[in-house]
Amino acid sequence: MIEFKQIEIKYGDFIAMSNLNLTIKEGEFFTLLGPSGCGKTTTLRSLVGFVTPSSGSILINGEVVNQVPVEKRGISMVFQSYALFPTMNVYDNIAYGLRVQKLGKKEINEKVLDIAKRVDLSMAQLQKKVSELSGGQQQRVAIARALVLQPKILVLDEPLSNLDAKLRHQLRQELKNLQRSFGITTIYVTHDQEEALTLSDRIAVFNNGSIEQVGTPKEIYHHSKTEFVCNFIGDINQIDKEGIKQINQCSSHDLDENKPGFIRLEKVLSVGDLEGQIPVPTKVVDAEFFGLFTKYTYRFGKNLVKNIEKDSHVKSFNVGDDVNLYLNPRHILQY
């Protein structure tokens, strides 16, 4: 278990992290999510030992590690740039940490071959220089080099950001499968909301040096606690005060008419067959076709509201169509 207790991190007069309190469970895939400069990487670096907090305590399995050297914390790290040795072959890159630990040649060979198999690196690839590998293969080498040391904790700092979209999607699942296979406590840093939602057991959403919310992906997405989380996680519709007033008039709900509301795209439907739904008159102003679905934009008062319609070849709308949308006021979030 990892605990951050009242952590403050300062760079001169600048406070990068203030009053951080966070607990990460053993064996958990935990993601630190937020925009650039929000404090997530600073938090990660303090855990690894690259940054020393100005106050507070970091505990690993009950032991305060603030002053414990980096190499004695039982943590392996995969960097955004992978930080591999370009002049060495793959085998030697993976074996490097084991040689530093002065293990025997036979034991090193057994460990390298075992981890290579588990991350899907072939014998032929082990003999290649890392510069000859694709980005996805280099990422596997970086993960293998970290895991071969059998760390208590694995930390990954934006490890997929240098890859193209298709490869990122492929390696996400591989990362999750590896983490489950090893059962290792994994802390993942990203600004990519989709990555966080698909990979994580739990997520901490950072903003301006503090945590806005901690929860499971479903909690973060469906029950966002702050306006920042609401807007940062996934696509969302904002409805102004006049729109909220109109929704109140059409329902028995008493939403706060002095505040805007927010509702997820998939909770705005073009068919009203669920309990609690109310009709909202709109006009189609745009349609974006994505293959499996079309994302429509509608005008509702002064608001632009979006929803997603699966491409069923049965129903579609054209720009200019008048459409009744249906939503449940209970799904509207206000702050």
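A short tour of the structure in this document, coming up.

### Quick notes on helix α3 (residues 105-118)
For step 1, the next point in the chain: Under the 1.5 Å per step criterion, the end-to-end length of α3 is 20 Å for 14 residues, consistent within 8% with the ideal 20 Å.
For step 2, the next point in the chain: Looking only at α3, the buried set comprises I108, V112, I115 and A116. Axial view of α3: buried residues confined to an arc of 105°, hence all on one face. Facing away from the buried side of α3 by more than 90 degrees, the exposed set consists of K106 and K117.
For step 3, the next point in the chain: Looking at the buried side of α3, the elements it contacts are α2 (90-100), α4 (123-126), α5 (135-147) and α6 (165-182).
For step 4, the next point in the chain: Trailing α3 by a residue or two, D120 shows a phi angle of about 65°, which is positive.

### A word on the side chain of E28
For step 1, the next point in the chain: Among the secondary structure elements, E28 is positioned in the loop between β2 (14-24) and β3 (29-33).
For step 2, the next point in the chain: The buried category is assigned to E28, whose relative accessible area is 6%.
For step 3, the next point in the chain: A distance of 2.8 Å separates a polar side-chain atom of E28 from the backbone nitrogen of K25.
For step 4, the next point in the chain: Residues in contact with E28, not counting those within four places in the same chain, are Q179, I184, T185, T186, D201 and R202.

### A few points about the sheet that holds strand β10 (residues 210-215)
Hydrogen bonds along the backbone pair up the strands of a sheet, which may run parallel or antiparallel.
For step 1, the next point in the chain: Across the sheet, six strands lie side by side as β6-β7-β8-β3-β9-β10; this open sheet has mixed pairing. Of all the strands in the sheet, the pair left with one neighbour each is β6 (75-78) and β10. Going from strand to strand, the sheet's axes swing by 20° on average, the running direction of each strand aside.
For step 2, the next point in the chain: Examined bridge by bridge, strand β7 (residues 153-157) and strand β8 (residues 185-190) share five bridges and lie parallel to one another. From the neighbouring strand, D157 faces β8, where its bridge partner is V189.
For step 3, the next point in the chain: Helix α1 (residues 40-48) contacts β3, β6, β7, β8 and β9 (202-207) of the sheet and is inclined by roughly 145° relative to β8.
For step 4, the next point in the chain: On the sheet, α5 packs against β6 and β7 and is oriented at approximately 175° with respect to β6.

### Remarks on the nonpolar core
Nonpolar side chains in soluble globular proteins generally cluster together in the buried interior.
For step 1, the next point in the chain: In terms of nonpolar packing, the biggest core is built from 36 residues, with V90, I94 and V141 touching the most fellow members.
For step 2, the next point in the chain: Looking at this core, the elements with two or more residues in it are α2, α3, α5, β7 and α6.
For step 3, the next point in the chain: Per element, the largest residue contribution to this core is six residues, and it comes from α5.

Thresholds, definitions, all that
Residues numbered from 1 in each chain as written. Predicted model: local features only at pLDDT ≥ 70, side-chain atom pairs only at ≥ 80, totals over all residues. Heavy atoms only, no water. Helix = DSSP H or I, 4+ residues; strand = E, 2+ residues; numbered from the N terminus. Expected span 1.5 Å × (residues − 1). Buried < 20%, exposed > 50% of the residue type's maximum accessible area, 1.4 Å probe, protein only. Arc of directions from axis to C-beta. Contact = heavy atoms within 4.5 Å. Polar contact = N/O pair within 3.5 Å; in protein donor to acceptor, adjacent residues only side chain to side chain. Pairing = 2+ DSSP bridges. Axes fitted to C-alpha atoms, helices over the stretch in contact; angles between N-to-C directions. Core = buried A, V, L, I, M, F, W, Y, C linked by side-chain atoms within 4.5 Å.

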